[in-house]
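Letter by letter, the chains look like this.
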Amino acid sequence: MDSVIKLRDIKKSFYIGKPNELEILHGISLSVQKGEFVSIVGASGSGKSTLMNVIGLLDRPTDGCYEIEGRDVAGASDQELSLIRNRKIGFVFQTYNLIARTDALKNVELPMMYAGVSKKVRAKRAAELLEVVGMKERMSHTPDELSGGQKQRVAIARAMANDPAIILADEPTGALDSKTGRTVMDLFHELNRNQGKTIVLITHSTGLAEETDRIITISDGTITGERAGSWNL
Ligand SMILES: Nc1ncnc2c1ncn2[C@@H]1O[C@H](COP(=O)(O)OP(=O)(O)OP(=O)(O)O)[C@@H](O)[C@H]1O
Ligand SMILES: [Mg+2]
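Summary of the structure given here.

About the cut-offs
- Residues numbered from 1 in each chain as written.
- Chains lettered and ligands numbered in written order.
- Predicted model: local features only at pLDDT ≥ 70, side-chain atom pairs only at ≥ 80, totals over all residues.
- Heavy atoms only, no water.
- Buried < 20%, exposed > 50% of the residue type's maximum accessible area, 1.4 Å probe, protein only.
- Helix = DSSP H or I, 4+ residues; strand = E, 2+ residues; numbered from the N terminus.
- Contact = heavy atoms within 4.5 Å.
- Patch = residues over 30% accessible without salt bridge, like charges linked within 9 Å, V, L, I, M, F, W, Y side chains within 5 Å.
- Areas by Shrake-Rupley, 256 points an atom, 1.4 Å probe, with all protein chains shown as cover.
- Salt bridge = Lys/Arg side-chain N within 4 Å of Asp/Glu carboxyl O.
- Lys, Arg positive; Asp, Glu negative; His and termini not counted.
- Charge placed at Lys NZ, Arg CZ, Asp CG, Glu CD.
- Pairing = 2+ DSSP bridges.
- Axes fitted to C-alpha atoms, helices over the stretch in contact; angles between N-to-C directions.

On to helix 3 (residues 104–114). If you check which residues of helix 3 are buried, you get Ala 104, Leu 105, Asn 107, Val 108, Glu 109, Pro 111 and Met 112. Where helix 3 is buried, its residues contact helix 2 (78–88), helix 4 (119–132) and helix 5 (148–159). Where helix 3 ends, the next residue or the one after it, Gly 116, has phi of about 85°, a positive value.

For the rest of this paragraph, the subject is a negative patch on the surface. Taken together, the side chains of Asp 9, Glu 21, Glu 23 and Asp 63 make up a negatively charged region of the molecular surface. As for its position among the elements, Asp 63 is in strand 4 (residues 63–68).

Looking now at the sheet that holds strand 6 (residues 89–93). For sheets, the rule is that strands pair by backbone hydrogen bonds, running either parallel or antiparallel. Reading across from one edge, 6-7-8-3-9-10 is the order of the 6 strands in this open sheet, with mixed pairing throughout. The open sheet is flanked by strand 6 and strand 10 (222–228), the only strands paired with a single partner. Strand-to-strand twist across the sheet, computed as the mean angle between neighbouring axes with direction ignored, equals 15°. The sheet contact formed by strand 3 (residues 37–41) and strand 8 (residues 198–202) spans 4 bridges and is parallel. Each residue of the ladder has a partner; that of Ser 39, found in strand 8, is Leu 201. Of the strands in this sheet, strand 6 and strand 7 (166–170) are in contact with helix 2, which crosses strand 6 at around 75°.

In structure tokens form, the structure reads like this:
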């Protein structure tokens with residue numbers, strides 16, 4: 001089987017070697033297949049974002065093995081990790097994390113700029129992506145001129161910029177009303193179904209989790225359950 005994400009016995013500690021050393025992830029093993037839409041649920045403080053940071057190569061695990069598309073990333077330098085992140089992973093956060101005073105088009109162009117895509121090509125692709133998420137008319141608006149839902153749609157377009165294999169979304173609908181959240185979820189379903197994107201979604205909404213192929217429950221830094229979402233039964 002084609003595992004895009006493969007974690008084996010991943011541990012994550014903070015304040016290592018200090019008296020207040022704290023192990024947050026206690027040995028997480030998890031594989032996500034290509035094209036799968038997986039959700040991670042669990043109480044506040046259970047370690048979901050910590051796990052997401054490890055999966056997204058934003059933070060290194062303290063112990064355990066992580067393979068992304070079959071490549072063990074343990075030995076990779078920080079520079080290599082940034083490169084893999086830029087090419088393979090698209091991030092969507094609860095608070096959008098768009099660049100202020102920078103219009104939607106430039107926000108979407110940014111990951112392509114880092115990837116060395118020419119100005120002409122990236123502007124064209126950014127405009128196309130903004131059209132896909134229904135934001136074509138707001139292309140030249142800055143984040144403070146956009147609603148939460150609009151900002152999140154720009155963030156999703158940005159996440160898609162370098163055509164990543166994986167989309168990691170940490171509470172992407174957490175700051176949105178349910179109708180706007182629905183629009184965002186529909187976009188994820190579309191990217192998953194039509195473009196085969198592998199998606200990992202962290203959510204507090206049990207209803208949204210049910211829409212995904214597989215629901216993983218994490219409790220106090222350990223996976224305590226795993227089952228299929230009811231939409232797929
Ligand atoms: N950089 C850090 N340094 C020290 N402790 C941390 C750090 N990051 C997270 N933690 C701790 O790890 C635990 C899990 O945090 P995490 O953010 O992963 O939870 P979460 O499941 O995402 O919660 P929420 O649903 O509220 O977002 C918390 O107790 C938190 O205080
Ligand atoms: Mg969190």
